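# Fold and contact review
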Amino acid sequence: MTHETVPLYGGKLSRRVTIRDLRTAKERGERWPMLTSYDMYTAEIFDAAGIPVLLVGDSAGNNVYAHADTVPVTVEELVPLARAVVRSTSRALVVCDLPFGSYQLGPEQALATSIRIMKETGAQAVKLEGGLPVVESVHRIVEAGVPVMAHIGFTPQSVNALGGYRVQGRGTDGDRLVEAALALEEAGAFAVVLEMVTAEVAAEVTKRLHIPTVGIGAGPDVDAQVLVWQDMAGMREDRMPRFVKQYGDVRGALLTATRAFADDVVSGTFPAEEHTYH
């Protein structure tokens, strides 16, 4: 197979997926999956499964560090997580979030944070939230040689300003999102995440852009879909957003295994003879 015809998901690549691969996939109408990852074992598993893009998201805030949202997450907290994911994969393109407070001061801060993340983690790209206000930052980062994934619609770092978890793109807000997506593409972003955006607006953005769109609660007419892995695999017991589909019960399986281990310890059946040295 040539470079252009290897499928992103399930393709036999002996190298990492590149942003060029993502662009080519859009050109041929190929959809692809993306998941978050924050540790060695999930990274290994998702890479082996053929997931082409892994996101070390600031969603670690409420999925690793037990915060209520993503706002408290720092660069110092994300760097070791991203480093572990990169070390544990050989095929996936690894994207690391720029956390809240690490780029809002403007293009210089955004570029400095991006360079630090790329140098200290080995990630292949960064992601940042926001529309028109971050266009210049995206341009500066890309100009410096760092690939940028943009993120518009519901932006979790702005949850307080947005008044909670609200669907974006209704009414005239849809025009604003289309304008922002086009400007981010022009600035050099290689992909745009659309979170909690009406399906109609997401479809329009996808049609207008030459770069891939990645949906999370943005309907079916986007180029890729991303979920937080703990949501996808059934690790959390909290109420799930409408856009989440659970594909497993990892929490239930781990709870069952934990109770079985504890019962064996209490009863004295573990360790047995086969687990004992003499």
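Now for a quick tour of the structure. (Residues numbered from 1 in each chain as written. Predicted model: local features only at pLDDT ≥ 70, side-chain atom pairs only at ≥ 80, totals over all residues. Heavy atoms only, no water.)

With that out of the way, let us pick up the pattern of salt bridges. Going through the model one piece at a time under the given rule, you end up with 13 salt bridges. Between Glu120 and Arg116 there is a salt bridge, with its nearest N and O atoms 3.1 Å apart. With Glu120 and Arg116 both in helix α5 (residues 107-121) and four residues apart, this pair spans about one turn of that helix. A relative accessible area of 29% means that Arg116 is categorised as partly exposed. The partner of Arg236 in a salt bridge is Asp231, and the shortest N-O contact between them spans 2.7 Å. Assessed through its relative accessible area of 23%, Arg236 is described here as partly exposed. Judged by its relative accessible area of 6%, Asp231 is buried. (Salt bridge = Lys/Arg side-chain N within 4 Å of Asp/Glu carboxyl O. Helix = DSSP H or I, 4+ residues; strand = E, 2+ residues; numbered from the N terminus. Buried < 20%, exposed > 50% of the residue type's maximum accessible area, 1.4 Å probe, protein only.)

In this section: the packing of helix α6 (residues 135-143) against helix α8 (residues 173-187). Two numbers describe how α6 lies on α8: the axes approach to 8 Å, and their chain directions differ by 20°. Between α6 and α8, the crossing angle belongs to the class labelled roughly parallel. In this structure, α6 crosses over α8, and the sense of that crossing is right-handed. Residues Val135, Val138, His139 and Val142 of α6 form the contact with α8, whose participating residues are Ala183, Leu184 and Ala187. Looking at side-chain class alone, the contact of α6 with α8 contains six nonpolar, one polar and no charged residues. (Axes fitted to C-alpha atoms, helices over the stretch in contact; angles between N-to-C directions. Parallel < 35°, antiparallel > 145°, perpendicular 65-115°, else oblique. Left-handed = near helix turned anticlockwise from the far one by under 90°. Contact = heavy atoms within 4.5 Å. Nonpolar A, V, L, I, M, F, W, Y, C, P; charged D, E, K, R; others polar.)

Relative to strand β8 (residues 224-227), strand β1 (residues 32-36) runs parallel, the two being bridged by four bridges. Residue pairing for β8: Trp32 is matched across the bridge by Ala224. (Pairing = 2+ DSSP bridges.)

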